[in-house]
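Fold and geometry: a report
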Amino acid sequence: MFSGRNFEAPELAGADISALRETARVARGDVLKMTTLATCGHPGGSMSSMEMYLLLWSCANVNPKDPWMQGRDRIVVSHGHTSPGVYAVLGRRGFFPVEQAVAHFRQMSSAFAGHVERCAPGVEWDSGNLGQGLSAAVGFALAGRVKKQPYRVFCLMGDGEQQKGQISEARRTAGKFGLRSLVAYVDLNGLQINGETKKVMPQNIAEGWDADGWHVVDVDGHDFQALYKATRAALAADKPTVLIAHTVMGKGVPSMENDAHWHGAALSEDQCRAALKELGLADDLDEFKKRRTGEKATTPWEQAYHIPPVHIATGTPRTYGPDVKTDNRSAWGAALADVANANKDAADATPIAVLDCDLLPSVKTGDFAKAMPGNFFQIGIQEHNTATISGAMSVCGVQTFFADFGVFGIDETYNQHRLSILNHTRQKIVCTHCGLDVGEDGKTHQCVDYVGLFRNLLGTELIVPADPNQTDRATRYIAQSGAMSLMVMGRSKMPMVLAGDGTPFFGGAYTFRYGKADTVRPGADAAIIVMGSLCNNAVKAHETLKKEGINAAVIHISSPLKPDVDAIRLAAATGRIVTVEDHVVTSGLGSIVAEVIAELGVTCKLTKLGVTHYGSSGKPDELYAEYGLDAAGIAQAVKKTME
Ligand SMILES: Cc1ncc(C[n+]2csc(CCOP(=O)(O)OP(=O)(O)O)c2C)c(N)n1
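Keep in mind that what you see is a predicted model, and the values were worked out from it rather than measured.

Bringing the overall build of the protein chain into the picture now. Scanning the protein chain from N- to C-terminus turns up 25 helices and 20 strands. The C-alpha atoms of the protein chain give 28 Å as radius of gyration, which agrees with the globular expectation for 643 residues (26 Å, within 12%). Taking the principal axes of the C-alpha coordinates as reference, the protein chain spans close to 90 × 50 × 45 Å. Counting over 643 residues, the protein chain shows a buried share of 62%.

Written out as structure tokens, the structure reads:
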């Protein structure tokens, strides 16, 4: 029996250390062969992190035969460019046949991508966008807390990577929440792409971790016993621990050691053969060369992301009456609290968590925090970190909501969301204060590009509700959805959108269906296609036009990324469409409608109303008037299309 299983024994047995050393030697050969065959990749850091990888995937509670085992320890590799080292170790530990990784590293259709991806069994988080892995590890640890699962989380990083600010956000978060189950490793090889880390950007690595409330322990990163004992002690500590692992880039092949060139360059074939000799390994490069071209690379594990299904009761929708004036964000906060109360005592309910960045009163998550105080996490003004944490929590089966203002929760954190969708996460990003509707805060706070940005994130859902009634129902929809979702709303209070008979259009028995447009007013002369809280202005424009004998339909699109093609076809049949959005006119609803019309091959005149230049401070209604997004402007645009 291997002595280090689950870090239970006080130390590793001598025979196990010998076996680990032998595996490390062979795995270094794998690293060299895979990078040489691919003619690219990152052997240097792969070889300096080798002992840490091997120790963790040998001693942690993971199961190569069941990589997605419930309650497993999570090992997050943040410096994802060291993928050759990760694949070599995972292969040697039996997560998959190592030969597949050696033969097909970085090859089209292979599971063994240039930077680690979750489609390779054993990999927990796609990474390589440096600085995000510790936040993911914090997310895994918080999810373990919420789910009451006592697994441990290990996070490995580079030393150059420590220059990223997001790491300090994650450190503070782990310190604040006392994440004792979390152990971090910094591969201190002293080198990065441009040479010595201390010259590229001087940094006080140990002091930074210490200041943020971590135990800091120096360790020889190539000494299995030292790493084992330090990790074991870390797991028993009263706060999170970082091991500063002193290592050598290119370790194991003297001609590569301590040379930044090998950070991201492959050996030539001749150099590789010589290095294999230095490592005392057989030269089987030609065999793998044949395999690389002779067999097709595949990703047999692609579907195996194993996020548990969602079980959430959505409660009873609220209806805000015709005389009520309120804002979408209050409706979202109330519906969220309803969902929390409907699930908090249900044993089989998917756990819910809410993350806030110091904006609780404005983003209306206070009632949730009262209903489920243990599931509410105040992360402070650390949006990059929060965005990644929410994604990571969601892949552990926690329905996680990240509520923020649009400019911070969408614009500021775009790359974090991008990495989240690549990681098949399903968190809910809920952003208030979007559009010109943020008004007096001015252009720095007017998030007017949310559709444009999220159009790029393939597979995400985006909902822009028209009024508080639709917001209520959309909130309940995203609460039980398995997709990564963004819900966008403004800031202002508004009256409800009413049907022709004066009842709330989106209230009562109205059911929100993602991708379904709502015809708020029928009309055959023209169609106003509107998104979000400008719906009321569109209805007013409809009424003005009616008095002048023009019957313009009002169609509300709340799901611009899944446009309702049938509704747009009917709108186009009127011959004139005016799109209306509190969003940059070049990348939002109008562009999407234009695309649908072109793809349908129908003929129709299209006028796009939206944000054409950055706004100023002002009351939302004044701003809307300036851009022609008020009722008068919309009516005017419809009339113009009819000239
Ligand atoms: C956010 C981000 N910026 C830049 C890069 C490009 N990049 C890849 S590796 C690297 C250097 C990393 O140095 P270190 O963490 O010391 O890793 P090592 O050189 O030890 O492998 C850089 C700048 C990146 N992947 N992510």
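The domains assigned to the protein chain are domain 1 (13–294), domain 2 (325–495) and domain 3 (518–642). One C-alpha centre belongs to domain 1, the other to domain 3, and the line joining them spans 52 Å.

The subject of this paragraph is the layout of surface pockets. The space that makes up the largest pocket amounts to roughly 400 Å³. Lining the largest pocket are 18 residues, and of these D437, S492, K493, P620 and D621 lie nearest its centre. At the level of elements, strand 15 (493–495), helix 21 (535–547) and helix 24 (620–626) are the ones that each hand at least two residues to the lining of the largest pocket. A domain-level breakdown of the lining of the largest pocket finds at least three residues from each of domain 2 (325–495) and domain 3 (518–642).

Let us now look at the site of the ligand. Around the ligand sit 15 residues in total, of which H81, G128, D159, N189 and H263 are the nearest. One of the side-chain N or O atoms of N189 is found 2.7 Å from an oxygen atom in the ligand. In isolation the ligand has 590 Å² of accessible area, and contact with the protein removes 75% of it.

Parameters and conventions
Residues numbered from 1 in each chain as written. Predicted model: local features only at pLDDT ≥ 70, side-chain atom pairs only at ≥ 80, totals over all residues. Heavy atoms only, no water. Helix = DSSP H or I, 4+ residues; strand = E, 2+ residues; numbered from the N terminus. Rg over C-alpha atoms; globule rule 2.2 N^0.38 Å. Buried < 20%, exposed > 50% of the residue type's maximum accessible area, 1.4 Å probe, protein only. Domains from an automatic or database assignment. 1 Å grid on protein atoms, 1.4 Å probe; cavity = no way out; pocket = protein on both sides within 12 Å on 5 of 7 lines; lining within 4 Å. Points joined across faces, edges and corners; volume = space filled by probe spheres on them. Near = heavy atom within 4 Å. Polar contact = N/O pair within 3.5 Å; in protein donor to acceptor, adjacent residues only side chain to side chain. Areas by Shrake-Rupley, 256 points an atom, 1.4 Å probe, with all protein chains shown as cover.

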